[in-house]
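Fold and geometry: a report
Spelled out from the first residue to the last, the chains are:
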Amino acid sequence: MRSNNIAPTMRWAAVLVVMATTAVWGHADVAAQPPRCGTLQIIDADHLPIKVCPLDHTDVNVDISGFIARVTLTQRFHNPSNTPIEAVYVFPMSDRAAVDSMDMRIGDRTVKGVIKEKGEARRIYNNARNAGQAASLLDQERPNIFTQSVANIMPGDEVLITISYVEYLKYEGGEYEYSFPMVVGPRYNPAGMIDAHRISPPVTAKGTRAGHDIALTVNLDAGVPLQALDSELHAVDVNRTGQSTAVVKLKNQRSIPNRDFVLSYAVGGKNVEDALLTHAGDKGKFFSLILQPPDRVRPDYVTPKEMIFVIDKSGSMSGFPIEKAKKTMRQCIEGMNPNDTFNLVSFAGGTGYCFDQSMPNTQSNRRKALEYLSNLRGGGGTEMMKAIDAALGGQRDPDRLRVVCFMTDGFIGNDMAIIDRVQKNVENARVFAFGIGNSVNRFLIDNMARVGRGASEIVTLETEGDEAVERFQNRIRSPLLTDIEIDFGGLDVADVYPSPNAIPDLFSAQPLIIKGRYTSGGKGVITLRGRTADGPFEKSINVVLPRRNAMNNVLAPLWARTKIAAIMDENWLGVQQGRPRTNTQRAITDLGLKFSLMTQFTSFVAVEDRVVNQGGHQTTIQVPIEMADGVSYEGIFGDEDAVAVGQAMPSTPPPPAVSRSSARGGRLLKQGAGKVDAPMALSESSVRSEERDFASDAAREQAANAPLDKKELSDRNRSGILDPTLLNLAAKAKDGNYVNGDVKVVGGMVEVFVYLDSLSEEQLKGIRALGGQTLNIARSSEMVHIRINVQSLQALASLDGVKKITPPTF
């Protein structure tokens, strides 16, 4: 277990060294004859290679019509080995996506996924997996991170998982942008993270490939004449099929999925037209109102500001990313207004300051700040919360509005807690966030700016950043529209987002998109009011709300997705900690079930009726991912030769992928450059073991509670279920008391986090049978916080379904 006084870089690297050492001495004979660099293999009990990574290919099809994109991605899993497998794949999607469909296809058989409460979906999946049925489960870990599990992929079989979602495109100043994330960047997980293992997939070693690739096609219908199209991170083929239509494809249809796909295109005419889209169907009546804001007016007087510039210098920013951030921040500093004051804050494992307090914008102070900036180097963890407190806390200048400018890749696990902290401390301030890199955490970047009542920008490593800096300076000089209100003129509308009387200031030439419901049809006038630098602004449009309209059915899930985000705004911290308010979880769950949407508390599950794998025995493989483009292995792992495969980014080891060892169970190893890397997966995923075929629930309970011999207990220790700080704890606490960091034994009792396959009553009953006292249950991460006698820890680790036991961290 990590210690809070260890340097964050070492916390990342230390686990890698331990896991790599285990792999080498455990399979030394494999290292003698390694396959070619980059091959991913399952190693069976005889140390013979079985085959490669199960995810073969992802195909993405995007249909864009006006402001809305319908995205369909198909993941192709293949099992070329001679043993059944379960594949687990952690991957990104847009944080704005309304994910409303998942299907599973095996040969000519298709099973449509159904939406269920998360715990119920997991139970259905586990039961089907253990019964030998083909099954798939799609979970949401974050609004932009998802886990796809596919069970009982039989030898030679190919399984296709098709996921579909809708989202709004970004638009500003005559240009649309569509982005598709391809990789989950390496997350730094501060102390207290309860689901680090869920968002930290294994990463391929330096110089190797994960073994899967991606193709992408965009079918574009802009509705108005198209002008320039640009893909800044990928080479594309463009077929202009009409004045307003085009087909855009990745030039290489087997691209490495290690950076975002970003397509921007300009359209004829400076502004979009005001519009009202409606849908009236079985699930209700919905509308999206699109209002074009006024032109920007240059103010005669610019209000002085207190500028706080915050730069991420953590390990993931090492090298090119931090140099890009420094260049962009230098331009921001040089563009300040004469009457501004400013300070520069840097953060990694700790927080640094250029000045003790905000200083006047003088040539001398700017020179000191630029020198401080020039000397920054990337390295260490990402303790961003301290930087948030530094930037938004402290004494405010009553004569100046505080403007905070963040530059980061956002690669942290506690992103929801960060959003919560910004939201609660942004009074009399504005937060502008720059995402720096080719695969940044857009969920964090965009939402920091949104709750911070500012705006966000993404600066890729291939762009200069000049235009982004210019937009930032225009935005902070004067908002385009403030004091915004929308008057619906007596129309019968409800559940409108954002609220008509709480619309944030508009800083950019972006249309206002207002989503809501209406209960009855009718005609009316909708009026937008606000203030520009020139004075009051008002515009009105005549609208008709129809009683029935089968068109635009995507408005229903898009409205529901917006409402879910608004509810999440009320309890980000609770959701992050696995302790959401009851009403928050219930409201989001109900929306997910009604509109068939992925949420933090609902999942898609698909199960084939027939049994394809008698006994349910299979090897679980966690699909490795590419290192995010532009992120250095040295910055993350602290050593050019650090082993990456099989190890994720959290500061504590992720739980293993299995429950019990099997005589014929396999290990997936990453091999390359003559050395064996860390295990990717371990033996059986089924709760039934090879040695013991449970004939009934009673027999299963009896076996689960039966004492294990010393050898089996030792085997359980080696599997990593017990955190190293909990090993031999009974001997350490001879007098019943012992304290070491997060480990506290009082009166022979210790508190621990127990991570489970699922929070079933059977598993909880097994914990209680060992004397475990339940203190809290985090259903979203399938973790139970208990107090238990130190003498029972070994037996606790032996229970089926227990994946990891760690000290509690808050």
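This report concerns the structure included in the present document. Keep in mind that this is a model prediction, so the values were computed, not measured.

1. Details of the overall build of the protein
- For the protein, the count of helices and strands is 18 helices and 41 strands.
- Relative to its 810 residues, the protein shows a buried fraction of 58%.
- Within the protein, residue pairs in contact and separated by at least 24 positions form 76% of the contacts whose partners lie at least 6 positions apart.
- When the accessible surface of the protein is split by element, carbon and sulfur atoms take 48% of a total near 31,100 Å².

2. Remarks on a negative patch on the surface
- Taken together, the side chains of E175, D230, D466, E467 and E470 present a region of like negative charge at the surface.
- The leading source of residues in the negative patch is helix 9 (residues 466-477), at 3 residues.
- Mapped onto the secondary structure, E175 falls in strand 12 (residues 175-180).
- Look at E175 and you get partly exposed, because its relative accessible area is 40%.

3. Brief notes about the side chain of S346
- As for its placement among the helices and strands, S346 is situated in strand 21 (residues 341-347).
- Looking at S346, the relative accessible area reads 1%, which means it is buried.
- Ignoring sequence-local partners within four residues, the contact set of S346 consists of I311, K313, T351, G352, Y372 and L376.

4. Description of unusual backbone geometry
- With omega at -10 degrees, the peptide bond leading from Y497 into P498 counts as cis.
- Considering the arrangement of structural elements, one finds P498 in the loop between strand 28 (493-497) and strand 29 (512-518).
- Phi at R453 is positive, roughly 60 degrees, even though this residue is not glycine.
- With respect to the helices and strands, R453 occurs in the loop between helix 8 (442-451) and strand 26 (456-459).
- Residue class for R453 comes out partly exposed when judged on its relative accessible area of 32%.
- The phi torsion at N552 lies on the positive side, around 60 degrees, for a residue other than glycine.

5. Focus on helix 17 (residues 761-769)
- Inspection of helix 17 places Q763, L764, G766 and I767 among the buried residues, and these make up the whole buried set. For helix 17, the angular spread of the buried residues around the axis is 155 degrees, confining them to a single face.
- Immediately beyond the C-terminal end of helix 17, within one or two residues, lies G771, with a positive phi of roughly 90 degrees.

6. Let's talk about the sheet that holds strand 12
- Pairing is antiparallel in the open sheet, where 4 strands are placed in the order 11-12-17-14. The open sheet terminates on both sides in strands that have one partner only, identified here as strand 11 (170-172) and strand 14 (226-231). Going across the sheet, the axis of each strand differs from the next one's by a mean of 20 degrees, ignoring polarity.

7. Side note on the environment of E457
- Secondary-structure assignment places E457 in strand 26.
- In this structure, the C-alpha to C-alpha distance between E457 and G435, residues 22 residues apart in sequence, is 6.2 Å.
- Residue contacts for E457: discarding those within four places in its chain leaves A433, F434, G435, I445, A468, R471 and R475.
- Within the structure, E457 has its side chain in polar contact with the side chain of R471 (distance 2.6 Å).

8. Things to note about the side chain of D95
- Residue position: D95 is located in the loop between strand 4 (85-92) and strand 5 (98-106).
- One buried charged side chain, D95, makes no salt bridge at all; its nearest oppositely charged neighbour is R96, positioned 4.5 Å away.

9. Some remarks on the pairing of strand 29
- Along strand 29, 6 of the 7 residues are buried, which leaves the element largely enclosed by surrounding structure.
- Relative to strand 29, strand 19 (residues 284-291) is paired through 6 bridges, and the arrangement is antiparallel. Within the sheet, the bridge partner assigned to I290 lies in strand 29 and is I513.
- With 3 bridges joining them, strand 28 and strand 29 adopt antiparallel strand pairing. Note on strand 29: the bridge partner recorded for V493 is Y518.

10. A few points about helix 5 (residues 363-374)
- Compared with an ideal rise of 1.5 Å per residue, which puts 12 residues at 16 Å, helix 5 spans 16 Å between its outermost C-alpha atoms and is within 8% of the ideal.
- Listed in full, the buried residues belonging to helix 5 are N365, A369 and L373. Each buried residue of helix 5 sits inside an arc of 75 degrees when the element is viewed along its axis, so together they form one side. Counted as exposed and oriented over 90 degrees from the buried face of helix 5: Q363, R367 and E371.
- On its buried face, helix 5 sits against strand 20 (305-312), helix 4 (320-334), strand 21 and strand 23 (359-360).

11. A word on the pattern of salt bridges
- This model, assessed by the stated rule, comprises 39 salt bridges.
- The closest approach of N and O atoms between K112 and D103, which form a salt bridge, is 4.0 Å.
- For K112, a relative accessible area of 59% corresponds to the exposed category.
- The structure contains a network of salt bridges with shared partners spanning R122, D139, E141 and R198.

12. Observations regarding the sheet that holds strand 29
- Taken in spatial order, the 4 strands of this open sheet run 18-19-29-28, and their pairing is antiparallel. Strands at the two margins of the open sheet, each flanked by one partner only, are strand 18 (275-281) and strand 28. Averaged over all neighbouring strand pairs, the angle between strand axes comes to 20 degrees, with direction disregarded.
- Set on the sheet, helix 10 (residues 555-568) makes contact with strand 18, strand 19, strand 28 and strand 29; between it and strand 28 the angle comes to about 65 degrees.

13. Considerations on the packing of aromatic side chains
- This model, assessed by the stated rule, comprises 16 aromatic pairs.
- Note on F286 and F595: the rings are 6.0 Å apart at their centroids and 75 degrees apart in plane angle, and the pair reads as edge-to-face. With F286 in strand 19 and F595 in helix 12 (residues 582-595), this residue pair connects regions lying 309 residues apart in the sequence. Assigned by exposure class, F286 and F595 land together as buried.
- Chaining the aromatic ring pairs together yields one cluster made of F67, Y171, Y176 and Y265.

14. Quick notes on the packing of helix 10 against helix 12
- Interaxial distance between helix 10 and helix 12 falls to 10 Å at its minimum, and their mutual angle equals 170 degrees. Classed by the angle they form, the pair helix 10 and helix 12 counts as roughly antiparallel. The residues of helix 12 that touch helix 10, namely those facing A556, W559, A560, K563, I564, I567 and M568, are T584, A587, I588, L591 and F595.
- Its residues assigned to classes, the contact of helix 10 with helix 12 shows 10 nonpolar, 1 polar and 1 charged.

15. What to know about the environment of G435
- Tracing the chain through its elements places G435 in strand 25 (residues 429-436).
- Distance from G435 to T460, taken between C-alpha atoms, is 7.9 Å for residues 25 residues apart in sequence.
- Excluding anything up to four places from it in sequence, G435 contacts T408, V440, I445, E457, I458 and V459.

16. Some details on the pairing of strand 2 (residues 55-65)
- Direction of pairing for strand 2 relative to strand 3 (residues 68-78): antiparallel, over a ladder of 10 bridges. Counterpart to V62 in the pairing with strand 3 is V71.
- From the end of strand 2 to the start of strand 3, which pair antiparallel, there are 2 residues, and G66 there has a positive phi angle of about 65 degrees.
- Of the pairings in the sheet, the one linking strand 2 to strand 13 (residues 213-221) comprises 9 bridges and is parallel in character. Each bridged residue has a counterpart across the sheet, and for N61 the counterpart in strand 13 is T217.

17. Observations regarding the packing of helix 4 against helix 9
- Close contact between helix 4 and helix 9 brings their axes to 10 Å; oriented N to C, the two are set at 35 degrees. Handedness of the crossing formed by helix 4 with helix 9: right-handed. Residues T328, Q331 and C332 of helix 4 form the contact with helix 9, whose participating residues are D466, V469, F472 and Q473.
- Considered class by class, the residues forming the contact of helix 4 with helix 9 number 3 nonpolar, 3 polar and 1 charged.

The rules behind the values
- Residues numbered from 1 in each chain as written.
- Predicted model: local features only at pLDDT ≥ 70, side-chain atom pairs only at ≥ 80, totals over all residues.
- Heavy atoms only, no water.
- Helix = DSSP H or I, 4+ residues; strand = E, 2+ residues; numbered from the N terminus.
- Buried < 20%, exposed > 50% of the residue type's maximum accessible area, 1.4 Å probe, protein only.
- Contact = heavy atoms within 4.5 Å.
- Areas by Shrake-Rupley, 256 points an atom, 1.4 Å probe, with all protein chains shown as cover.
- Patch = residues over 30% accessible without salt bridge, like charges linked within 9 Å, V, L, I, M, F, W, Y side chains within 5 Å.
- Salt bridge = Lys/Arg side-chain N within 4 Å of Asp/Glu carboxyl O.
- Lys, Arg positive; Asp, Glu negative; His and termini not counted.
- Charge placed at Lys NZ, Arg CZ, Asp CG, Glu CD.
- Arc of directions from axis to C-beta.
- Pairing = 2+ DSSP bridges.
- Axes fitted to C-alpha atoms, helices over the stretch in contact; angles between N-to-C directions.
- Polar contact = N/O pair within 3.5 Å; in protein donor to acceptor, adjacent residues only side chain to side chain.
- Expected span 1.5 Å × (residues − 1).
- Phe/Tyr/Trp six-rings, centres within 6.5 Å; stacked < 30°, edge-to-face > 60°.
- Parallel < 35°, antiparallel > 145°, perpendicular 65-115°, else oblique.
- Nonpolar A, V, L, I, M, F, W, Y, C, P; charged D, E, K, R; others polar.
- Left-handed = near helix turned anticlockwise from the far one by under 90°.

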